[in-house]
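Commentary on secondary and tertiary structure
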Amino acid sequence: MSEPSSPGESQCGAPRFFVGCAEDESEGLDDCASMRTDMELYEDDLEDDSPPECQIVVGICCMMKKSKSKPMTQILERLCKFEYITVVIFPEDVILNEPVEKWPLCDCLISFHSKGFPLDKAVSYAKLRNPLLINDLNMQYYIQDRREVYRILQEEGIDLPRYAVLNRDPDNPDECNLVEGEDQVEVNGEVFLKPFVEKPVSAEDHNVYIYYPTSAGGGSQRLFRKIGSRSSVYSPESSVRKTGSYIYEEFMPTDGTDVKVYTVGPDYAHAEARKSPALDGKVERDSEGKEIRYPVMLTAMEKLVARKVCLAFKQTVCGFDLLRANGHSYVCDVNGFSFVKNSMKYYDDCAKILGNIVMRELAPQFQIPWSIPTEAEDIPIVPTTSGTMMELRCVIAVIRHGDRTPKQKMKMEVRNPMFFELFEKYGGYKTGKLKLKKPKQLQEVLDITRTLLTDIGQHTDCEIEEKKSKLEQLKTVLEMYGHFSGINRKVQLTYLPHGQPKTSSEEEVTNTIYSCI
């Protein structure tokens, strides 16, 4: 762990986000003294005489292209919102040219390999200072070798395409046993029919070839790191490469997309899909020139795979590739430390998980009052459009589908006194409207209907103006199911003192009840 008197390490001060040494300076350790001066000036500016809280220093040790990238900047800005965390970026010049004894000190180290990065020096620094490592450095040697990656995946029981390794070692020529046919290749006794994939054993070599059978026209698709708008090109060459060591694996028939998975600890994984470079090699880009990617929901099994990859390679922040084929998911590459390119949600999640990991591991030994969040991904501060104190707890939506059964209504006019007596009995004159739902009420309407139909059938002198067909329909509906229960029928009565609107000047105006069932 770092010593108290060193610059940029755990000492009293407010959270800072600064570079260990100025980029335009090149005097080694003397340049790093500017970092101490910066901290001292900041502390002198504090008007409060009370002793400030101790800080946990998180060091960022990687190539400048990575440390100054948009994803890293976005995440570090959020990480600095933790009250007790200070972030220090190691200058690239110091990393490349200074001995590890002169590197800035830190309590937690985020370091990862990329092109040109001196991984050996980073390992030596970790042994010297013994900081908390977010990503294990020794395992990054294995990630640079596809043979080791596949071996570890196999040992962990993670599904991967069927493969064979062709090692071309001048000292051991017997290990190189390659027999090539027109539509197949045999590697150390393992036969791969075209199409198959040929990958260099070095993970830094992205020249991956896919060979096609003669029935599909032959030739090969040559994949490479994106150059402009292309990520692969077709070649008529059908023969495999004769120099170098390679992994040969079975081609997995996907739906034309590759799934990129990004973990932040074993319990968090973000996934997105992109157009496979094996299709036509043309990169799909949006209006801002960024490669178009699509959100992906991982299955429960794929989440378990993400957890296994994260733990097996000891990389808290880790990216790997999934191929979904034949109803299964296969890991075909592990990239190590990598970020999602353009996702504010991911930046928020990544920063709060990393911050909580640092605080959980280091707060006790620094005697920092830190309560473990109830959730592993909890964060003390959530940036919003109106500040940093608001927090979205949940989103509640009430959704109603638009497909519904039409109402079944029957409307009729009734003028018989028995209906008016019923209307008055239940207080219909108070509002001019009446709803009858109770079984007793519906039974009374049914009794009136039966009586009227009986009178019509006997041809009595009773003046009945209701139409027989309407009354019969009313009777049929009320007699349905043989009983009244639940709310499946109701009768609505509306009083019309002047009757229905006239259709001609000669119609007589009489009192009417408009009935609806």
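All residue numbers refer to position in the chain's written sequence, counted from 1. Only residues with pLDDT of at least 70 get local features here, since the model is predicted, and only at 80 or more are side-chain atom pairs given and counted; chain-wide, interface and lining totals rely on the full set of residues. Values reported for side chains reflect all heavy atoms of the structure, with hydrogen atoms and water molecules removed beforehand.

- By the naming in an unreviewed UniProt entry, the chain goes by Inositol hexakisphosphate and diphosphoinositol-pentakisphosphate kinase and is assigned to Sinocyclocheilus rhinocerous.
- UniProt positions are given in the numbering used here, feature names are shortened, and annotations may be inferred rather than shown by experiment. You can read under Sequence similarities (unreviewed entry) in the UniProt record for the chain the words "Belongs to the histidine acid phosphatase family. VIP1 subfamily."

**Things to note about the overall build of the chain**
- A run of DSSP states H or I qualifies as a helix once it reaches four residues; a run of E qualifies as a strand once it reaches two. Both are numbered from the N-terminal end. In terms of helices and strands, the chain carries 12 helices and 23 strands.
- Only protein chains enter the accessibility calculation, which uses a 1.4 Å probe; a residue is then buried when its area is under 20% of its type maximum, exposed when over 50%, and partly exposed in between. Taking all 517 residues of the chain together, the buried fraction comes to 44%.
- Put simply, 62% of the contacts in the chain that link residues at least 6 apart link residues at least 24 apart.
- Within the structure as shown, the chain displays about 28,300 Å² of accessible surface, and the carbon and sulfur contribution to it stands at 51%. Contacts are residue-level and defined by heavy atoms, with any inter-residue pair within 4.5 Å sufficient. Calculation of accessible area relied on Shrake-Rupley with a 1.4 Å probe; when residues are assessed, cover is drawn exclusively from the protein chains displayed.

**Remarks on the sheet that holds strand β18 (residues 317–325)**
- For two strands to be treated as a pair, DSSP must find no fewer than two bridges joining them. Pairing in this open sheet of 5 strands is antiparallel, and the strands run β17-β16-β15-β18-β19 from one edge to the other. Strands at the two margins of the open sheet, each flanked by one partner only, are β17 (293–295) and β19 (328–336). Across the sheet, the axes of successive neighbouring strands diverge by a mean angle of 30 degrees, strand direction being ignored.
- Across 7 bridges, the pairing between strand β15 (residues 257–264) and strand β16 (residues 269–275) is antiparallel. Opposite valine 261, over in β16, you have alanine 271 as the bridge partner.
- To obtain an axis, a line is fitted to C-alpha atoms, over the contacting stretch when the element is a helix, and the angle between two such axes runs from 0 to 180 degrees between their N-to-C directions. Helix α8 (residues 300–312) contacts β15, β16, β18 and β19 of the sheet and is inclined by roughly 140 degrees relative to β18.

**Quick notes on the sheet that holds strand β7 (residues 178–180)**
- The antiparallel open sheet is built from 3 strands, whose spatial order is β7-β8-β9. Every interior strand has two partners, whereas the edge strands, β7 and β9 (190–193), have only one. Averaged over all neighbouring strand pairs, the angle between strand axes comes to 15 degrees, with direction disregarded.
- One ladder, built from 3 bridges, connects β7 with strand β8 (residues 184–187); its direction is antiparallel. Residue pairing across strands places valine 179 opposite glutamate 186, the latter belonging to β8.

**Quick look at helix α11 (residues 439–458)**
- To estimate the expected span of a helix, subtract one from its residue number and multiply by 1.5 Å. A rise of 1.5 Å per residue sets the reference length of α11, with its 20 residues, at 28 Å; its end C-alpha atoms lie 29 Å apart and thus fit the reference within 8%.
- Burial in α11 covers these residues: Gln441, Leu442, Glu444, Val445, Leu446, Ile448, Thr449, Leu452, Leu453 and Asp455.
- Looking at the buried positions of α11, the neighbouring elements they touch are α10 (417–425), β21 (433–436), α12 (468–478) and β22 (491–496).

**Overview of the nonpolar core**
- In this description, a nonpolar core means a group of buried Ala, Val, Leu, Ile, Met, Phe, Trp, Tyr and Cys residues linked to one another through side-chain atoms lying within 4.5 Å. Core analysis: the biggest nonpolar cluster contains 39 residues, and Ile60 and Tyr346 have the highest contact counts within it.
- Breaking this core down by element, the ones donating at least two residues are β2 (56–61), α3 (70–79), β3 (85–89), β4 (108–111), β15 and α9 (344–362).
- Per element, the largest residue contribution to this core is 10 residues, and it comes from α9.
- Those residues in contact with isoleucine 60 that sit more than four places away from it in its chain are Ser67, Met72, Leu76, Val87, Val88, Ile89, Phe90 and Ile110.
- Membership of the second largest hydrophobic core comes to 32 residues, among which are Leu160, Met252, Ala273 and Phe313.

**A closer look at the side chain of serine 338**
- Examined against the element boundaries, serine 338 turns out to sit in the loop between β19 and α9.
- Of the polar contacts made by the side chain of serine 338, one reaches the backbone nitrogen of glycine 319; its length is 3.4 Å.
- For serine 338, the contacting residues outside a window of four places in its chain are Tyr262, Val317, Cys318, Gly319 and Tyr346. In protein, a polar contact means a hydrogen-donor-capable atom and an acceptor-capable atom, both N or O and within 3.5 Å, with residues adjacent in sequence counting only if both atoms are side-chain atoms; elsewhere, any N or O pair within 3.5 Å suffices.

**Regarding unusual backbone geometry**
- Look at the link from lysine 194 to proline 195: it is a cis peptide, with omega at 5 degrees.
- Topologically, proline 195 is positioned in the loop between β9 and β10 (196–200).
- Backbone geometry at glutamine 367 places phi at a positive 55 degrees, although glycine is not the residue there.
- Mapped onto the elements of the fold, glutamine 367 is located in the loop between α9 and β20 (411–414).
- On the basis of relative accessibility, which here comes to 73%, the residue glutamine 367 falls in the exposed class.

**Examining a positive patch on the surface**
- Among the surface-exposed residues, Arg400, Arg404, Lys407, Lys409, Lys411, Lys433, Lys435, Lys437 and Lys490 lie close enough to one another that they form a single positively charged patch.
- When you line up the elements, arginine 404 lands in the loop between α9 and β20. Patch membership requires over 30% relative accessible area and the absence of a salt bridge. Like charges are linked within 9 Å, and nonpolar side chains (Val, Leu, Ile, Met, Phe, Trp, Tyr) within 5 Å. Take a side-chain nitrogen of Lys or Arg and a carboxyl oxygen of Asp or Glu: if they are within 4 Å of each other, that pair is a salt bridge. All tallies of charge rest on Lys and Arg as positive and Asp and Glu as negative; His and the ends of each chain are not included. Taken as the charge location is NZ of Lys, CZ of Arg, CG of Asp or CD of Glu.

**Some points on the pairing of β16**
- The element β16 is extensively covered by neighbouring structure, given that 6 of its 7 residues are classed as buried.
- Where β15 folds back on β16, the antiparallel hairpin that results is connected by 4 residues, among which glycine 265 adopts a positive phi of roughly 85 degrees.
- Two strands pair when backbone bridges link them, and β16 and β17 are joined in this way by 3 bridges, in the antiparallel orientation. Within β17, the position partnered with glutamate 272 by the bridge is proline 295.

**Section: the packing of aromatic side chains**
- Here a pair means two rings of Phe, Tyr or Trp (six-membered ring of Trp) with centres within 6.5 Å. Their orientation is stacked below 30 degrees between planes, edge-to-face above 60, and tilted elsewhere. For the coordinates displayed, the defined rule picks out 17 aromatic pairs.
- Between phenylalanine 337 and phenylalanine 339, the aromatic rings sit 4.9 Å apart at their centres with planes inclined by 70 degrees, giving edge-to-face as the arrangement. Just as phenylalanine 337 is buried, phenylalanine 339 falls in that class too.
- Between phenylalanine 423 and tyrosine 429 the ring centres are 5.0 Å apart and the planes differ by 90 degrees, which places this aromatic pair in the edge-to-face class.
- Here phenylalanine 423 falls in the buried class, since its relative accessible area comes to 0%.

**Describing the packing of α11 against α12**
- Where α11 meets α12, the closest approach of the two axes is 9 Å, and the angle between their N-to-C directions is 140 degrees. Classed by the angle they form, the pair α11 and α12 counts as oblique. Seen from above, α11 lies across α12 with left-handed handedness. In this structure, α11 contributes Leu442, Val445, Leu446, Thr449, Arg450, Leu452, Leu453 and Ile456 to the contact, and α12 contributes Lys468, Leu471, Glu472, Leu474, Lys475 and Leu478.
- When its residues are assigned to classes, the contact of α11 with α12 shows 9 nonpolar, 1 polar and 4 charged. Here the angle decides the label: under 35 degrees means roughly parallel, over 145 means roughly antiparallel, 65 to 115 means roughly perpendicular, and every other value means oblique. Rotating anticlockwise by less than a right angle from the far helix to the near helix defines a left-handed crossing, while the corresponding clockwise rotation defines a right-handed one. Throughout this entry, Asp, Glu, Lys and Arg are counted as charged residues, while Ala, Val, Leu, Ile, Met, Phe, Trp, Tyr, Cys and Pro are counted as nonpolar. The remaining residues, Gly among them, count as polar.

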